[in-house]
Amino acid sequence: MLEGSVSKKAEKVDCIVNELHAYGYAKFHEADISKQISSVKNELKKIIAALCNSSKVEFDEVDSINQSLLNLAAKDRKLVGHIFDATSRLLSMHKLSLNPFAIEIAKSFMGTELVQIALDKAIRIDMPRENQYLFPLHQDYTYDPSSKDGLVFWIPLQKTNIENGGLTVYEKSHQGGIRKIKVIASDNSSVNGSKMFKMEDVNLAEYKKVDVEVNEGEVLVFSNLLLHHSNENLSSKVRLTIQNRFGNFLHPETVSKGWPHGNFRHKWFYETHPEFLI
């Protein structure tokens, strides 16, 4: 029975990895990850409740995450920023980032036994009708250059679709390699302190555009080189997502560049990849 279970898991990993190689992204459901998502949400509720209490803001017992975040934002948008910063220290977030099934996918896709994990983890909080924190069309590699064969595990805490700002991807665009960029926001300190890049000479007509719907409990995993972007949250509710990133410690280019960090550590892509800056 145990051998059969292991065999089925291995088949599932192979199926996901084959989709990743073919299309640049894949969507899957895994029971253990769903349980860990529930743990994240439970801890998130607790820190929201604590901040509401401290800030004398109503904590909604029924719609404890969504409405309570809206209540905090109504008093002071910076309070939501405090929640964002705090989520990177949730124990449940770190446990989720070390999920064995996700790591097996990363190992198989990258063909390595030595996986690196991004230090920066947080729950992205996209408020309704708020677009200043959105990144334009991009490859994650230009913001987190862990390795060209790296993966992003995009995990929503509710169903995501085009209405609430889900992800738009361009099928097979990962096959085009690293794209050249130019800096369009050299000092973005008024928003998030991160430089923003725009890709040049990209013909999106070459690729199939897909607005990916992801249910709560599902995971969207995609290549570091896949062209994609989030969309503005046009719904009346908060959109919450987690991004866990894995890279290949042994990728020759990554080793030669000294395992560079990315924007979140104020290490800029063009410093280690000047050949791709326009």
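In what follows, the structure referred to is the one given above.
Every chain's residues receive numbers from 1 upward, in the order its sequence appears when written. Restriction of local features to residues with pLDDT of at least 70 applies here, the model being predicted, together with a cutoff of 80 or more for giving and counting side-chain atom pairs; totals for whole chains, interfaces and linings are based on all residues. Only heavy atoms go into the side-chain values, all of them from the structure, while hydrogens and water stay out.

Chemist: How should I be thinking about the packing of aromatic side chains in this particular structure?
Modeler: Each pair of aromatic rings is reported with the distance of its centres and the angle of its planes. Aromatic pairing here means that ring centres of Phe, Tyr or Trp (its six-membered ring) are within 6.5 Å. Orientation follows from the plane angle: under 30 degrees is stacked, over 60 is edge-to-face, and everything else is tilted. All chains considered together, the criterion is met by nine aromatic pairs. Residues F28 and F153 carry aromatic rings whose centres are separated by 6.5 Å and whose planes lie at 80° to one another, so their mutual orientation is edge-to-face. One end of the pair, F28, is in strand β1 (residues 25-29); the other, F153, is in strand β4 (residues 151-156), and 125 residues separate them in sequence. Each of the two residues, F28 as well as F153, counts as buried. Ring geometry for Y143 versus F197: centroids 5.1 Å apart, planes at 25°, classification stacked. Taken as a pair, Y143 in the loop between β3 (123-126) and β4 and F197 in strand β7 (residues 196-199) lie far apart in primary sequence, 54 residues in all. An identical accessibility class is assigned to Y143 and F197; each is buried. Members of the aromatic cluster, connected to one another through ring pairs, are F28, F101, F153 and F246. One residue, K195, lies across the ring of W268, its end atom 4.9 Å from the ring centre. Helix and strand assignments follow DSSP, with helices taken as H or I runs no shorter than four residues and strands as E runs no shorter than two, numbered in order from the N terminus. Remark: exposure states derive from per-residue accessible area (1.4 Å probe, protein chains only) relative to the maximum for the residue type, with buried under 20%, exposed over 50%, and partly exposed in between. Think of it as a cone above the ring: NZ of Lys or CZ of Arg counts as a charge over the ring if it is within 6 Å of the ring centre and within 35 degrees of the ring normal.

Chemist: Any chance you could explain helix α6 (residues 100-110) here in plain terms?
Modeler: Given 3.6 residues per turn, any residue in an α-helix points the same way as the ones three and four places further on. Burial within α6 is extensive, with eight of its 11 residues counted as buried. Taken residue by residue, α6 has F101, A102, I103, I105, A106, K107, F109 and M110 as its buried positions. We define a polar contact as two N or O atoms separated by no more than 3.5 Å, with the added condition that, inside protein, one atom must be a possible hydrogen donor and the other a possible acceptor, whereas residues neighbouring each other in sequence contribute only through side-chain atom pairs. Backbone nitrogen of F101 and a side-chain oxygen of the N-cap are separated by 3.0 Å at the start of α6; the cap is N99. Directly beyond the C-terminal end of α6, a positive phi value near 65° is found at G111.

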